[in-house]
Amino acid sequence: MIGRYGPDQLGLALLAASVVLGLAGSLTRLHILGLISYLPLAFALFRLLSRNMPRRRAENDRFLRFWWPLKTKLSGKLRELREGKHYRYFKCPGCGSKLRLPRGKGKIQITCPKCGERFIKKT
């Protein structure tokens, strides 16, 4: 593997896409999905064994610029769902930052730690 690019985030995403397509093809009995699942797998192997490192890094950077905001937003939503039993989330009307407050405190005055804006909400 000396002189080869090796694994990265885009390669792992391609492998995951290949597995998902393969499973979907076998569960729905659509054999075309099973055949299509080999395309991301082949591209992942091509990238893994490639010697053109600058180009593979540029591809991975483009993928991460797309993936990172999506992943951050999804993980925030999942955290809100997990903690929804104990916390309420509010947006500051001044700066738009997200504030987390414990549930069951009644109507309280909230002060944003970022901008100092005060507003009243029921938790």
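Residues numbered from 1 in each chain as written. Predicted model: local features only at pLDDT ≥ 70, side-chain atom pairs only at ≥ 80, totals over all residues. Heavy atoms only, no water.

J.: Would you take a moment to explain the pattern of salt bridges for this structure?
T.: Close approach of charged atoms allows side chains with opposite charge to pair. The full count for this structure, using the stated rule, is six salt bridges. Of the charged contacts, one joins E59 and R47 as a salt bridge, the two residues approaching to 2.8 Å between their closest N and O atoms. Residue E59 is found in helix α4 (residues 53-83), and its partner R47 is found in helix α3 (residues 38-49); the two are separated by 12 residues along the sequence. As far as burial versus exposure is concerned, E59 and R47 are alike and both buried. As a salt-bridge pair, R56 and E59 come within 3.0 Å of each other at their nearest N and O atoms. (Salt bridge = Lys/Arg side-chain N within 4 Å of Asp/Glu carboxyl O. Helix = DSSP H or I, 4+ residues; strand = E, 2+ residues; numbered from the N terminus. Buried < 20%, exposed > 50% of the residue type's maximum accessible area, 1.4 Å probe, protein only.)

J.: I tried to follow the environment of P93 on my own but got confused; where do I start?
T.: Counting through the fold element by element, P93 comes out in the loop between β1 (87-91) and β2 (98-102). Of the residues examined, P93 reaches a relative accessible area of 55% and is grouped as exposed. For P93 and K71, which are 22 residues apart along the polypeptide, the C-alpha to C-alpha distance reads 25 Å. Apart from residues no more than four positions distant in its own chain, P93 is found in contact with E117 and F119. (Contact = heavy atoms within 4.5 Å.)

J.: Would you take a moment to explain the nonpolar core for this structure?
T.: In globular proteins that are soluble, nonpolar side chains generally tend to be buried together. One finds F90, C92, L99, L101, I110, C112 and F119 forming the largest nonpolar core, which totals seven residues. Apart from the residues within four sequence positions on either side, I110 is in contact with F90, L99, L101, E117, R118, F119 and K121. (Core = buried A, V, L, I, M, F, W, Y, C linked by side-chain atoms within 4.5 Å.)

J.: Any chance you could explain the packing of aromatic side chains here in plain terms?
T.: The relation between two aromatic rings is expressed through the spacing of the ring centres and the mutual angle of the planes. Under the defined criterion, the tally for this structure stands at two aromatic pairs. Ring geometry for F43 versus F46: centroids 6.2 Å apart, planes at 20°, classification stacked. Here the residue F43 and the residue F46 both occupy positions in helix α3, the gap between them amounting to three residues, near one helical turn. Ring centres of F63 and W67 lie 6.2 Å apart, and the angle between their planes is 5°; this geometry places the pair in the stacked category. (Phe/Tyr/Trp six-rings, centres within 6.5 Å; stacked < 30°, edge-to-face > 60°.)

J.: It is not clear to me how the packing of helix α1 (residues 9-28) against α3 should be interpreted in this structure. Could you clarify?
T.: Pairs of packed helices are described in terms of their axes, by the angle between the two and the distance that separates them. Where α1 meets α3, the axes come as close as 8 Å, and the angle between the chain directions of the two elements is 160°. With respect to their mutual orientation, α1 and α3 come out roughly antiparallel. Relative to α3, the crossing made by α1 is left-handed. Seen from α1, the contacting residues are L10, G11, L14, L15, S18 and L21; seen from α3, they are P40, L41, F43, A44 and R47. (Axes fitted to C-alpha atoms, helices over the stretch in contact; angles between N-to-C directions. Parallel < 35°, antiparallel > 145°, perpendicular 65-115°, else oblique. Left-handed = near helix turned anticlockwise from the far one by under 90°.)

Note that every value here comes from positions in space, so none of it alone points to a role or purpose.
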